[in-house]
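Residues per chain, in single letters:
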Amino acid sequence: MNASSTTTAANATLRGGFLAAIFLMATSAIGPGFITQTATFTAKLGAAFAFAILASILIDFVVQLNIWRITALTRKNASETANAAIPGAGYLLAILVMVGGLAFNVGNIAGAGLGMNAMFGLDPKIGGAISALLAIGVFLSKRAGLLLDRSLIGLGLLMIAMTLIVAVTSNPPVGEALRQSILPDVIDFPTITTIVGGTVGGYITYSGAHRLLDKGLVGEENLAAVTRASLTGIAVTGVMRFVLFLAILGVVTSGVTLDLSSQAANPAAQAFAYALGDWGMRIFGIVLWAAAITSVIGAAYTSVSFLVAFMEMTERSRNIATVAFIAVSLAIFVAIGTAPAALLVFVGGFNGLILPIGLSIFTYVGFVRSDLMGGHHYNRPLLILSAIVCALTWYMGFKSFGAIFAFLGL
């Protein structure tokens, strides 16, 4: 192989690695919780929900950008970085992320069950079980890494395309939504905390960063590309959230009232059905299932990556642990009696409560532990933004704690 061919192959590998990280982060964020939260809060707040979306996107940019960049510079897993910075902090972060990831994954399997129900009329628990077994199959494959990357990219593109169809059909009041994104009629902190948690809270914060770490795409030499990948991932989730919001807003403003109270309530499904009739329900099923199955994979992959805080792991042992993680998530889902839609809203809020802990550790590393970043003097404006967002997420978590647990009826 000549030098030109070698360079081309290397560039393709780099592009593939960054694309895989972008889609792992984006599809983890664009999960069933994301879809159900957006439908629930759009039905409650109407166009005023646009402000919460904009606020969450701005917070997401700051959080994701700093954590991806610092992880690339330290060349360490997030829990290892935290332990090196503050002894014991990595163990705390690992436990919180794995517990939050487990809670999220129960919700993801619930969402997969709802998607199967919308597509085929299957009982949600049976649909959830089938979906969990398919996800387990990915990690049992001898080519798990390649299968992981390709399935995430393919399913991610599918659900974005399907949601765009509904957004165009529902004819939403775009001007009013844009106005209220700046001048909202109401500001709801539990809502913002929940959707921040649903797009960048808990394990989602670290999913893409750990995928880049596994592929060796780290260090100062890759920092510019890591920055672009981080921004692209958040931009994809931001556009998807706004498109989904507009699709549901068009239905709500047409005079339709979505059911949010009954045990069987599935507000996003109702909105898709009103927009496109019976085909809308089928399209919703495809979107929700694709979102759920990719999030099951992303939550399990990332949560298990934190086990290195407690033990050394080979690729095979990680895959086995990931299979066990999905199996436990499935067992909990089958056993609990919480309505799936309520669970999907709750888990976003729960991960929003975890977010400020990890962000505080990484902000500290950026300010005072350049030794962990190979002597790199980290960008100060980015750190100042990180400190502001860190304080804001602590405040929102404090204000929202009771309201978030109320989603489960506790």
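Residues numbered from 1 in each chain as written. Predicted model: local features only at pLDDT ≥ 70, side-chain atom pairs only at ≥ 80, totals over all residues. Heavy atoms only, no water.

By the naming in an unreviewed UniProt entry, the chain is Divalent metal cation transporter, taken from Paracoccus benzoatiresistens. UniProt's Subcellular location (unreviewed entry) comment on the chain is quoted here verbatim: "Membrane". (UniProt positions renumbered as here; feature names shortened; annotations may be inferred.)

Caption draft 1: Inspection of the overall build of the chain at higher detail. Per the secondary structure count, the chain includes 15 helices and zero strands. A total of 410 residues make up the chain; the buried ones form 60% of that total. For the chain, contacts bridging at least 24 residues in sequence account for 85% of all contacts bridging at least 6. Of the roughly 15,500 Å² of accessible surface on the chain, 68% is carried by carbon and sulfur atoms. (Helix = DSSP H or I, 4+ residues; strand = E, 2+ residues; numbered from the N terminus. Buried < 20%, exposed > 50% of the residue type's maximum accessible area, 1.4 Å probe, protein only. Contact = heavy atoms within 4.5 Å. Areas by Shrake-Rupley, 256 points an atom, 1.4 Å probe, with all protein chains shown as cover.)

Caption draft 2: Here's a closer look at the pattern of salt bridges. A full pass over the atoms with the stated rule returns five salt bridges. Residue Arg 369 is joined to Asp 371 by a salt bridge in which the shortest nitrogen-to-oxygen separation is 2.8 Å. Three or more residues are tied together by salt bridges with common partners; here these are Glu 176, Arg 179 and Asp 185. (Salt bridge = Lys/Arg side-chain N within 4 Å of Asp/Glu carboxyl O.)

Caption draft 3: Structural detail: helix α10 (residues 204-214). Among the 11 residues in α10, nine count as buried, and that is most of the element. Taken together, the buried positions of α10 are Ile 204, Thr 205, Tyr 206, Ser 207, Gly 208, Ala 209, His 210, Arg 211 and Leu 212. Where α10 terminates, the next one or two residues include Gly 216, which has phi positive at roughly 75 degrees.

Caption draft 4: Local environment of a nonpolar patch on the surface. Where nonpolar side chains cluster on the molecular surface, the patch consists of Ile 86, Tyr 364, Phe 367, Val 368, Ile 384, Leu 385 and Ile 388 and spans about 600 Å² of accessible area. Contributions of two or more residues to the nonpolar patch are made by α14 (340-368) and α15 (380-406). For Leu 385, the position within the fold is in helix α15. (Patch = residues over 30% accessible without salt bridge, like charges linked within 9 Å, V, L, I, M, F, W, Y side chains within 5 Å.)

Caption draft 5: Inspection of unusual backbone geometry at higher detail. In the Ramachandran plot, Arg 75 falls in the positive-phi region, its phi being about 60 degrees despite a non-glycine side chain. In this fold, Arg 75 is placed in the loop between α3 (49-74) and α4 (78-85). Here Arg 75 falls in the partly exposed class, since its relative accessible area comes to 48%. Even without being glycine, Asn 171 reaches a positive phi, approximately 55 degrees. By the element assignment, Asn 171 lies in the loop between α7 (144-170) and α8 (174-182).

Caption draft 6: Region of the structure containing the packing of aromatic side chains. Under the counting rule described, the total for this entry stands at seven aromatic pairs. Seen in terms of ring centroids, Phe 49 and Phe 245 are 5.8 Å apart; in terms of plane orientation they differ by 70 degrees. Their pairing is edge-to-face. Here Phe 49 is found in helix α3, whereas its partner Phe 245 is found in helix α11 (residues 223-253), with 196 residues between them in sequence. Taken as a pair, Phe 49 and Phe 245 share a single burial class, namely buried. Considering the side-chain rings of Tyr 206 and Phe 362, the 6.0 Å spacing of their centres and the 45 degrees angle between planes classify their relative orientation as tilted. You can see Tyr 206 sitting in helix α10 and its partner Phe 362 sitting in helix α14, a full 156 residues away along the chain. For Tyr 206, a relative accessible area of 3% corresponds to the buried category. Members of the aromatic cluster, connected to one another through ring pairs, are Phe 41, Phe 49, Phe 242 and Phe 245. (Phe/Tyr/Trp six-rings, centres within 6.5 Å; stacked < 30°, edge-to-face > 60°.)

Caption draft 7: Examining the environment of Trp 289 more closely. The residue Trp 289 is located in helix α12 (residues 267-305) in this model. Remark: the alpha-carbon pair of Trp 289 and Asn 108, spanning 181 residues in sequence, is separated by 9.1 Å. Ignoring sequence-local partners within four residues, the contact set of Trp 289 consists of Ala 112, Gly 115, Met 116, Met 119, Ser 131, Leu 134 and Leu 155.

Caption draft 8: Spotlight on helix α13 (residues 315-335). Between the first and last C-alpha of α13 there are 30 Å, a value that for 21 residues agrees with the 30 Å anticipated at 1.5 Å per step. All buried positions along α13 are accounted for by Arg 318, Asn 319, Ala 321, Thr 322, Val 323, Phe 325, Ile 326, Ser 329, Leu 330 and Phe 333. (Expected span 1.5 Å × (residues − 1).)

Caption draft 9: Region of interest: the nonpolar core. Membership of the largest hydrophobic core comes to 129 residues, with the highest contact counts inside it found for Ile 35 and Phe 245. Among the elements that make up this core, the one with the highest residue count is α12 (20 residues). Not counting the four nearest positions on each side in its chain, Ile 35 is found in contact with Leu 244, Ala 268, Phe 284, Val 287, Leu 288 and Ala 291. (Core = buried A, V, L, I, M, F, W, Y, C linked by side-chain atoms within 4.5 Å.)

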